[in-house]
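Working through the structure, step by step
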Amino acid sequence: MAESVFAPWNDPEAKPLIQFKGVTKRFGDFTAIDDLTQNIYEREFFALLGPSGCGKTTLMRMLAGFEEPTEGQILLNGVDIGHVPPNKRAVNMMFQSYALFPHLSVYDNIAFGLRREKKPKDEIHARVKEMLRLTRLDRFAQRKPHQISGGQRQRVALARSLAKAPKLLLLDEPLGALDKKLREETQFELMDIQEKTGTTFIIVTHDQEEAMTVASRVAVMDEGRIVQVATPDVIYEAPNSVYVADFIGDVNLIRGTARARPTDTPPETVAKPEPEPKPAPAPRETASAPAPERAAPQPNTLGRALHDKLLSPIFGKWLEDEPRRLPPPTAPEAPRAAAPETTAPSPQPQDIPPGGLEIDWSEGQAAIIAANGDPALDGEKVVLALRPEKLGIAKTRPQAPNTLKGKVIDIAYLGNISTYHVEIEGGVMVKAQAANTRRIARRDITWEDEVWLSFTATAGVVLKDE
Amino acid sequence: MRRAVLIAVPYLWLLALFLVPFIIVLKISLSDIALARPPYAPQLDLNEGWAGIRAFFAGLDFENFTFLTTDDLYWKAYLSSVRIAAVATLCTLLVGYPIAYGMARAPHEWRPTLLMLVILPFWTSFLIRVYSWIGILSTEGVLNQFLMGIGLIGEPLTILNTNTAVYIGIVYTYLPFMILPIYSALEKMDESLLEAAEDLGSSRLAAFWLVTIPLSRNGIVAGCFLVFIPSIGEFVIPSLLGGSDTLMIGKVLWEEFFSNRDWPVASAVAVVLLLILIIPIVLFQRSEEKAREAGR
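Residues numbered from 1 in each chain as written. Chains lettered and ligands numbered in written order. Predicted model: local features only at pLDDT ≥ 70, side-chain atom pairs only at ≥ 80, totals over all residues.

Below, the discussion takes up the overall build of chain A. On a plain count of helices and strands, chain A comes out with ten helices and 20 strands. The contacts of chain A with a sequence gap of at least 6 include a subset with a gap of at least 24, amounting to 70%. (Helix = DSSP H or I, 4+ residues; strand = E, 2+ residues; numbered from the N terminus. Contact = placed C-beta atoms within 7 Å.)

This is the structure:
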């Protein structure tokens with residue numbers, strides 16, 4: 001199963017295994033699931049992620065049949081299963097508490113579901129043996145659940161729920177009771193088993209690392225709604241809301257007001273190098289000064305003239321009214337040059353993609369350039385979500401589109417990496433992460449040090465403030 | 001040292017209040033009836049010294065136990081007691097289990113109240129409660145009047161002074177002893193086990209038989225012994241509610257003791273009853289031990 005190929009959610013032809021159609025679940029006045037519509041495809045490892053009380057467990061219990069939707073439909077292979085009792089569904093669940101039958105041996109626990117189907121004895125025996133092998137429990141078949149370890153119990157629960165070869169396996173916080181090391185091992189085991197059996201897995205978890213590790217897609221939930229569904233990398237790199245950015249991983253949230261940057265950079269300026277020897281704070285301040293005039297992109301007359309004279313033979317006709325578009329997250333390498341219209345006397349010495357936004361976030365601080373920001377957010381209150389590992393930290397001011405000066409308040413040493421808590425002038429705390437490539441004794445940044453944080457113009461994600 | 005004292009207390013208790021009385025009863029059962037006070041012989045006379053002790057032991061024999069085997073009354077009474085106790089225990093289980101189940105499934109905030117209601121009857125005297133059943137079950141009693149009032153029966157049922165009344169009395173009296181252990185077993189049960197059973201394809205009823213019953217087994221066993229053991233020797237209920245044909249060993253014992261004033265035979269009956277009861281008590285203890293091991 002090649003990872004690059006497996007993306008049925010992008011294939012309009014793919015038939016979903018599970019379809020939620022406007023599903024609402026209320027408990028009295030409380031709405032646990034609010035008009036939810038979502039497709040889940042065969043062989044997916046789908047993670048429902050959210051804080052406790054967000055409705056993820058209710059969603060799972062509706063799939064298992066322990067709760068019925070108040071409104072809407074849940075389809076399995078196109079058949080509405082909303083009101084089918086749990087014992088009549090081709091869906092099995094692995095419970096958070098494992099729910100192993102304490103009076104039955106490991107073998108009998110795994111055989112429980114098969115015996116209910118009244119299958120022939122030798123067939124049951126063969127299937128149980130297979131499950132025991134798959135979960136490496138052969139030696140414990142005759143033990144009672146209280147005679148084996150937590151990790152083994154977890155595997156018995158998995159074997160029991162897989163024994164009936166369900167179309168869909170639900171995992172309710174399956175690894176919550178295991179310690180970190182065992183949990184990480186088991187995550188890979190789960191993925192391995194999922195691939196071997198080809199079963200569709202839906203996992204409920206509040207552990208975002210777990211969700212990111214195992215899942216093909218992650219659905220982040222909040223208050224009964226799915227806020228974002230995407231592959232783990234998209235969820236992490238391109239969250240669609242402050243909630244998702246904040247929930248997944250560590251993040252710096254810098255609030256401010258957006259201001260659109262000019263999108264047009266005449267290509268001929270590529271040829272013109274901009275040797276700007278002085279990367280002093282001064283240019284940054286001046287850059288933010290003329291901001292109000294640049295609130296909206298203006299037609300670039302000088303650029304037009306240059307184009308007509310020099311470049312029209314190469315690049316063709318000047319396009320009038322080019323539609324405003326969202327720059328891709330990784331903006332093309334178009335060095336920002338002395339755009340003729342820019343009044344700023346000393347542009348950045350670095351290559352900054354054009355367009356996007358500038359964010360005024362603090363009085364007396366240079367605006368942050370976010371070249372990947374949506375210009376449509378111009379004038380809005382926005383939040384720049386910035387992952388700590390995307391920030392550089394140095395004692396001298398580096399050459400970067402965005403630099404912030406601050407003081408190290410705290411250092412969290414995690415062995416492989418260190419997280420620096422830096423207080424920016426003005427009082428905002430920003431976390432920056434750096435790999436500990438040198439031995440700790442040789443670390444040159446320490447508490448109370450004046451440092452420069454730097455990040456590229458596309459390092460952050462600009463989100464509308466909620 | 002402190003440990004020794006702690007262990008000694010229950011043993012002293014058993015010695016003084018169980019073993020010593022039992023030896024006295026055993027001694028009487030080996031004696032002969034006599035017109036004296038107390039009404040049996042021989043008596044130990046320590047003034048006569050060694051000869052007195054020898055004469056005392058020479059006077060003891062198993063005559064009374066042999067006598068119990070010669071009269072049908074006794075073994076029939078034992079058998080009938082066991083049968084009545086067994087049937088009553090089964091009835092108590094059938095009534096008590098659903099109550100315990102309902103209590104264990106009730107909302108958390110209700111459970112203390114429900115427990116209280118189960119224990120509440122103990123606040124009145126046992127005798128008064130059994131007497132009040134006479135008022136309910138008699139021919140002119142509340143039950144008959146009610147049933148005739150709603151037109152269900154034409155003439156009063158004869159319930160009082162039958163074995164049925166004895167069953168009703170035992171079930172009523174010993175119900176809490178059945179409910180409490182079953183409740184405590186059911187309450188501990190993880191409800192997700194039932195969901196797991198359903199998820200794996202069993203119906204609700206099958207889940208009950210395959211999961212709930214096996215997991216409450218210890219409670220059921222404990223409850224049954226707690227009802228069975230005391231009801232074998234029950235005297236008050238059969239004598240107040242039972243009829244002339246209700247044969248129970250407790251009643252026989254009482255009659256031997258107070259009507260016949262034959263203390264030695266009455267003691268022999270008591271010793272045999274105790275021996276009969278030891279069997280279920282040992283079984284009970286073994287099952288408790290097993291439960292402890294499993295519940296580790």
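Read on, since the account is not over.
Let us look at the confidence of the model for chain B. Predicted confidence across chain B gives a mean pLDDT of 90, with 99% of residues reaching 70 or more. Reported for the predicted complex are a pTM of 0.74 and an ipTM of 0.77. (pLDDT = per-residue confidence, 0-100.)

Listed as interface residues are 15 residues of chain B and, on the opposing side, 17 residues of chain A. Every element with two or more residues in the side of chain B that touches chain A is listed here: helix 9 (192-199) and helix 10 (204-215) of chain B. Take the side of chain B that touches chain A: its biggest share by element is six residues, from helix 9 of chain B. Residue composition of the side of chain B that touches chain A, grouped by class: six nonpolar, four polar and five charged. (Nonpolar A, V, L, I, M, F, W, Y, C, P; charged D, E, K, R; others polar.)

Now for the environment of Val242(A). All names here are of chain A. Topologically, Val 242 is positioned in helix 8 (residues 242-247). A tally of 19 C-beta atoms within 10 Å means that Val 242 is categorised as partly exposed. For the pair Val 242 and Lys 464, spaced 222 residues apart in the sequence, the C-alpha separation amounts to 7.5 Å. What Val 242 contacts, discounting residues up to four positions off in sequence, is Leu 253, Val 383, Ala 385, Leu 463, Asp 465 and Glu 466. (Buried ≥ 20, exposed ≤ 12 C-beta atoms within 10 Å, placed from the backbone.)

Now for the pairing of strand 18 (residues 429-435) of chain A. Every regular strand shows the same layout, with side chains that alternate between the two sheet faces. Residue and element names in this part refer to chain A. Pairing of strand 17 (residues 417-424) with strand 18 involves seven bridges; the strand directions are antiparallel. Paired with Glu 423 across the bridge in strand 18 is Met 429. Linking two consecutive strands that pair antiparallel, namely strand 17 and strand 18, is a turn of four residues; a positive phi of about 115° is found at Gly 426 within it. (Pairing = 2+ DSSP bridges.)

On to the sheet that holds strand 9 (residues 217-222) of chain A. All names here are of chain A. In spatial order, the strands read 6-7-8-3-9-10; together these six strands make up an open sheet with mixed pairing. Edge strands, defined here as strands with exactly one partner in the open sheet, are strand 6 (91-94) and strand 10 (225-230). On average, adjacent strands in this sheet sit at an angle of 20° to one another, irrespective of strand direction. Pairing of strand 9 with strand 10, which is carried by five bridges, proceeds in the antiparallel orientation. If you follow Val 218 over to strand 10, its bridge partner there is Ala 230. (Axes fitted to C-alpha atoms, helices over the stretch in contact; angles between N-to-C directions.)

Moving on, we get to helix 4 (residues 150-162) of chain A. All names here are of chain A. With 13 residues, helix 4 ought to run about 18 Å at 1.5 Å a step, and its terminal C-alpha atoms sit 18 Å apart, in line with that. Judged by how many residues are buried, helix 4 sits mostly within the fold: ten of 13 residues are covered. Within helix 4, burial applies to Arg 153, Gln 154, Arg 155, Val 156, Ala 157, Leu 158, Ala 159, Arg 160, Ser 161 and Leu 162. Each element contacted by the buried residues of helix 4 is listed here: strand 6, helix 2 (106-116), helix 3 (121-134), strand 7 (168-172) and helix 5 (180-197). (Expected span 1.5 Å × (residues − 1).)

A few words now on unusual backbone geometry. The omega torsion across Arg37(B) and Pro38(B) is -5°, close enough to zero to call that bond cis. Counting through the fold element by element, Pro38(B) comes out in the loop between strand 1 (32-33) and strand 2 (40-41). For the bond running from Ala41(B) to Pro42(B), omega is 0°, close enough to zero to count as cis. Summarising the element assignment, Pro42(B) is placed in the loop between strand 2 and helix 2 (50-58). If you check the backbone angles, Arg43(A) has positive phi at about 70° while not being a glycine. With respect to the secondary-structure elements, Arg43(A) resides in the loop between strand 2 (30-41) and strand 3 (45-49). With a phi angle near 55°, Arg136(A) is a residue other than glycine that sits in the positive phi range.

Below, the discussion takes up the domain arrangement of chain A. Domain annotation for chain A reports domain 1 (8-252) and domain 2 (256-320 + 332-464). Here the side of domain 1 of chain A that touches domain 2 of chain A is built from residues that sort into five nonpolar, three polar and one charged. (Domains from an automatic or database assignment.)

Side chains that are nonpolar tend, in soluble globular proteins, to be buried together. Grouped together as the largest cluster of nonpolar side chains are 111 residues, with contacts concentrated most on Ala47(A), Leu63(A), Leu170(A), Ile202(A), Ala219(A) and Leu384(A). Three or more residues apiece are contributed to this core by two domains, here domain 1 (8-252) and domain 2 (256-320 + 332-464) of chain A. Excluding its chain neighbours within four sequence positions, the residues that come into contact with Ala219(A) are Gln38(A), Phe46(A), Ala47(A), Leu48(A), Leu49(A), Ile226(A) and Val229(A). Residues Met103(B), Leu137(B), Ile170(B) and Tyr183(B) belong to the second largest nonpolar core, which totals 51 residues. (Core = buried A, V, L, I, M, F, W, Y, C linked by C-beta atoms within 7 Å.)

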